[in-house]
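# Tertiary structure, described
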Amino acid sequence: MNEYKVILPEAEIPTHWYNIVADLPTPPAPPLNPATDQPLQPADLAPLFPMGLIEQEASAERWIPIPDEVRDIYKLWRPSPMYRAYRLEQALGTTAQIYYKYEGASPVGSHKANSSLPQAYFNMKEGRTRLTTETGAGQWGAALAFAAQIFGLQCDIWQVRNTFEGKPYRHAQMEVFGAHAVASPSELTDVGRKLREQFPDTPGSLGMAISEAVEAAVKDPNASYSLGSVLNHVLLHQTVIGQEALKQLEYFGVAKLDYLYACAGGGSNLGGIAFPFIRENLEGRQDVKIVACEPNAAPSLTKGEFRYDFGDTAGMTPKLKMYTLGQDFVPDPVHAGGLRYHGMAPLVSHCYHEGYLSAIAIRQREAFAAGVLFSRAEGIIPASESNHAIAGAIRQAKLATEEGTSPVILIGVSGSGQLDLPAYTEFLNGEMADS
Ligand SMILES: *Cc1c(COP(=O)(O)O)cnc(C)c1O
């Protein structure tokens, strides 16, 4: 039995991605073609994505093989480590057992590389030479820039203006990896020019940046668009996290997990860690309570409506059935940039609607207080997004202590906070606002 950490050998990197669609008792609602309101056909997506990814998007196969070329690059940092947070437990004086799975040790500092690499790979395989994308805080942009570099693709990134200006290191990171990044809305696209005319002072939003990157991809036959979250194939790629976590808990001697906390922006790290556990629940092996932790500034699950909506501001994407705050929603510029999205992944939305997971909203000061406590105990400074998951878990650990129970809690720590240090300083100086 392991005490502090389980680091699996490379041979234990999953060989397949897990597709939860195969195990859902009721099928999720299909995406719609916005022109006809009919279910989307694979050919409708061909201007945006390579066939390899479109097939994954629509697949109902349970296990989808990870190409050797992708699995080889996963070896740079996978399997990611799992830790028992003894020192956090001590700091809290809790009766709960707390574990965390850490995705911040990836080359770009977050879970996003789990999907950027296969996305770049399938594009390269089908002869596309250029990728366009949006990025909020910059983690997805950096992850795709790295993956594009690995597979020899050009990469153009529209970054939400507010973080482009407020987080210059992320922009530098993308350029070090050889990508080109601009602030969105930009002058480079029709939709960007229109948005700038309409809202000259806008801080930008993920919805706007998606519209720009989609337009750029549609206009260039050699280009594909890449999305860092929300879509089925992105969540699929992230399931390496949950599959590894199941094995690691076994090495720790934990047969049954009680709670799983993950932060939720578009839903990819949550889906990635949670779906293999939902499978355990559906097959009666475990009874894990899964809790999505969203920011109070963009509470799509806890305050949104479950309906068809566009994935972007301009209405260029297919319509997705999801919990949404509306395509026009521009969240307050909180620090957890990666969580500021108006909608939630259709698969996560479906699981929430069916009761397979619950959700809570957390304000940013509570999130950062949790992040500081975690950092001081564990020595890892978490990403501002991940702090929401840690805050949720700490609420549960405190409750358990009051009730005198000792549940086993797993936290998905989706990334490293090294580039979020200015936000930590703001918090420590008492200058951080709560939305
Ligand atoms: C992008 C990001 C998120 C939010 O995206 P999801 O798709 O909800 O996972 C969370 N944490 C980190 C570190 C991120 O980079």
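Calculation criteria
Residues numbered from 1 in each chain as written. Predicted model: local features only at pLDDT ≥ 70, side-chain atom pairs only at ≥ 80, totals over all residues. Heavy atoms only, no water. Helix = DSSP H or I, 4+ residues; strand = E, 2+ residues; numbered from the N terminus. Buried < 20%, exposed > 50% of the residue type's maximum accessible area, 1.4 Å probe, protein only. Contact = heavy atoms within 4.5 Å. Lys, Arg positive; Asp, Glu negative; His and termini not counted. Charge placed at Lys NZ, Arg CZ, Asp CG, Glu CD. Pairing = 2+ DSSP bridges. Right-handed = clockwise from strand over helix to strand, strands pointing away. Axes fitted to C-alpha atoms, helices over the stretch in contact; angles between N-to-C directions. Near = heavy atom within 4 Å. Polar contact = N/O pair within 3.5 Å; in protein donor to acceptor, adjacent residues only side chain to side chain. Nonpolar A, V, L, I, M, F, W, Y, C, P; charged D, E, K, R; others polar. 1 Å grid on protein atoms, 1.4 Å probe; cavity = no way out; pocket = protein on both sides within 12 Å on 5 of 7 lines; lining within 4 Å. Points joined across faces, edges and corners; volume = space filled by probe spheres on them. Expected span 1.5 Å × (residues − 1). Bend = angle between axes of the 7 residues up to and from the residue. Parallel < 35°, antiparallel > 145°, perpendicular 65-115°, else oblique.

Counting its regular elements, the chain contains 17 helices and 15 strands. Here the C-alpha coordinates of the chain stretch approximately 60 × 50 × 40 Å along the principal axes. Each of the 435 residues in the chain was classed as buried or not, and the buried ones make up 63%. Expressed as a percentage of contacts within the chain between residues at least 6 apart in sequence, the contacts between residues at least 24 apart total 76%. Between the centroid of the 34 positive side chains of the chain and the centroid of its 48 negative side chains there is a distance of 3 Å.

Here the focus is the pairing of strand β11 (residues 289–295). Regular strands place side chains that alternate from one sheet face to the opposite one. Of all 7 residues in β11, 6 are buried, a share of seventy percent or more. Across 5 bridges, the pairing between strand β10 (residues 259–263) and β11 is parallel. Opposite Y259, over in β11, you have K289 as the bridge partner. Viewed along the sheet, the connection from β10 through helix α12 (residues 268–282) into β11 turns out right-handed. As defined by bridge partners, β11 adjoins strand β14 (residues 358–362) across 5 bridges and the pair is classed as parallel. Residue pairing in the sheet places V291 in a bridge with S358 of β14.

As summarised here, the arrangement of the 4 strands in space is β8-β7-β6-β9, forming an open sheet in which the pairing is parallel. If you trace the sheet from one side to the other, it starts and ends with β8 (180–184) and β9 (223–226), each paired once. Between one strand and the next, the sheet's axes are offset by a mean angle of 20°, whatever the strand orientation. Relative to β8, strand β7 (residues 154–160) runs parallel, the two being bridged by 5 bridges. Bridge assignment links D156 to a residue of β8, and that residue is H180. Contacts from helix α10 (residues 206–218) reach β6 (130–135), β7, β8 and β9 within the one sheet, and its direction differs from that of β6 by about 170°.

Further remarks concern the site of the ligand. In the vicinity of the ligand, 18 residues are found, and the nearest of them are K112, S229, G265, N269 and S414. A distance of 3.2 Å separates an oxygen atom of the ligand from a polar side-chain atom of Q139. Tallied by class, residues from the shell around the ligand come to 4 nonpolar, 12 polar and 2 charged.

Reported here for the largest pocket is a volume of approximately 410 Å³. P30, P31, E57, A58 and N232 are, among the 22 residues lining the largest pocket, the residues nearest its centre. Among the elements of the structure, α1 (42–45), α2 (51–58) and α14 (346–353) are those that each provide at least two residues to the lining of the largest pocket. Per element, the largest residue contribution to the lining of the largest pocket is 3 residues, and it comes from α2. Residues that form the lining of the largest pocket fall into these classes: 18 nonpolar, 3 polar and 1 charged.

This part covers α12. End to end, α12 covers 20 Å across 15 residues, agreeing with the expected 21 Å (1.5 Å per residue, within 8%). The largest bend in α12 comes to about 40°, at A274, with the proline P276 one to four residues further on. Where burial is concerned, most of α12 is hidden: 13 out of the 15 residues are buried. One or two steps after α12, the chain reaches G284, where phi turns positive at roughly 80°.

Moving on: the packing of helix α6 (residues 139–150) against helix α8 (residues 168–176). How two helices sit against one another is set out by the angle between their axes and by the gap between those axes. Between α6 and α8, whose axes approach to 8 Å, the crossing angle comes to 10°. The orientation of α6 relative to α8 falls into the category roughly parallel. Residues Q139, G141, A142 and A145 of α6 form the contact with α8, whose own contacting residues are R170, Q173 and M174. Grouping the amino acids of the contact of α6 with α8 by side-chain chemistry returns 3 nonpolar, 3 polar and 1 charged.

Moving on: unusual backbone geometry. Cis geometry is found at the peptide bond from R78 to P79, where omega equals -10°. The topology assignment puts P79 in the loop between α3 (68–74) and β4 (82–84).

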